[in-house]
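Here is what each chain is made of, one letter per residue.
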Amino acid sequence: MVTDPVADFLTRIRNAQMAGHRVVDIPASNLKKRLTEILYNQGYILKYKFEEDTKQGVIKIALKYDPTSKQPAIQSMERVSRPGLRQYSKPADFRRVKNGLGVAIISTSKGVMTDKDAKLQNVGGEVLCYIY
């Protein structure tokens, strides 16, 4: 049993990139599906597919690399809020990630979204992670 599914999600992607894998399989949940959609929409992954099985399902993520330097598109992923210490923020207090080049993923009352979307909708929430 995983106590922190977001940290497990980020770690699986980070480990697959360090090993140079093209595809990574992650056990599915609604939160992880939304995180995957955000990563795809922001251009950090090539594509993804949700596969159903007899248990909870699997998310297959095709990782994105720079064609010339072979560096991964995701340079860093930091878990901010964790089960032992939750981090909440108002829209006015959102930190700029990598001087505006990165993205913060926020869990709000209106769903999981990027910091830019949360500012537009003027909702705060739990800061899940920073990605750049």
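Calculation rules
- Residues numbered from 1 in each chain as written.
- Predicted model: local features only at pLDDT ≥ 70, side-chain atom pairs only at ≥ 80, totals over all residues.
- Heavy atoms only, no water.
- Pairing = 2+ DSSP bridges.
- Helix = DSSP H or I, 4+ residues; strand = E, 2+ residues; numbered from the N terminus.
- Axes fitted to C-alpha atoms, helices over the stretch in contact; angles between N-to-C directions.
- Parallel < 35°, antiparallel > 145°, perpendicular 65-115°, else oblique.
- Left-handed = near helix turned anticlockwise from the far one by under 90°.
- Contact = heavy atoms within 4.5 Å.
- Nonpolar A, V, L, I, M, F, W, Y, C, P; charged D, E, K, R; others polar.
- Phe/Tyr/Trp six-rings, centres within 6.5 Å; stacked < 30°, edge-to-face > 60°.
- Buried < 20%, exposed > 50% of the residue type's maximum accessible area, 1.4 Å probe, protein only.
- Lys NZ or Arg CZ within 6 Å of the ring centre and 35° of its normal.
- Salt bridge = Lys/Arg side-chain N within 4 Å of Asp/Glu carboxyl O.

Asks: Would you take a moment to explain the sheet that holds strand 1 (residues 23-27) for this structure?
Replies: Two modes of strand pairing occur in sheets, parallel and antiparallel, and in both the strands are linked by backbone hydrogen bonds. The antiparallel open sheet is built from three strands, whose spatial order is 1-3-2. For this open sheet the edge positions go to strand 1 and strand 2 (45-51), each flanked by a neighbour on one side alone. Recorded for the sheet is a direction-independent mean angle of 20 degrees between the axes of neighbouring strands. Sheet topology places strand 1 next to strand 3 (residues 58-63); five bridges connect them, and they run antiparallel.

Asks: Would you take a moment to explain the packing of helix 1 (residues 5-19) against helix 2 (residues 30-41) for this structure?
Replies: Interaxial distance between helix 1 and helix 2 falls to 10 Å at its minimum, and their mutual angle equals 45 degrees. Here helix 1 lies oblique to helix 2, going by the angle between them. Relative to helix 2, the crossing made by helix 1 is right-handed. For the pair helix 1 and helix 2, the contacting residues are P5, V6, D8, F9 and I13 in the first and L31, K32, L35, T36 and L39 in the second. Class assignment for the residues of the contact of helix 1 with helix 2 results in seven nonpolar, one polar and two charged.

Asks: Any chance you could explain the packing of aromatic side chains here in plain terms?
Replies: The geometry of two aromatic rings is summed up by the distance between their centres and the angle between their planes. Taken as a whole and assessed by the stated rule, the structure comprises two aromatic pairs. Aromatic side chains Y40 and Y48 sit 5.3 Å apart centroid to centroid with 75 degrees between the ring planes, which places their arrangement in the edge-to-face category. Pairing Y48 with F50 gives two aromatic rings, centres 5.1 Å apart and planes at 45 degrees, and the pair type is tilted. Overall, the relative accessible area of 30% leaves F50 in the partly exposed class. Grouping aromatic residues by their ring pairs yields a cluster made of Y40, Y48 and F50. In this arrangement the basic side chain of K33 is found over the ring face of F50, its NZ or CZ atom lying 5.4 Å from the centre.

Asks: Can you help me understand the pattern of salt bridges in this one?
Replies: Pairs can form between side chains of opposite charge once their charged atoms are near each other. What the rule picks out here adds up to eight salt bridges. The salt bridge partner of E37 is R34, with a shortest N-O separation of 3.3 Å. Of this pair, E37 and R34 are both found in helix 2, three residues apart, which corresponds to roughly one turn of the helix. E126 is the partner of R86 in a salt bridge, and the nearest nitrogen-oxygen pair spans 3.0 Å. Of this pair, R86 sits in the loop between strand 4 (77-79) and strand 5 (88-89) while E126 sits in strand 8 (residues 125-131), and the two are 40 residues apart along the sequence. R86 gets classed as partly exposed once you look at its relative accessible area, which sits at 40%. Via salt bridges that share partners, D8, R12 and K32 belong to a single interconnected network.

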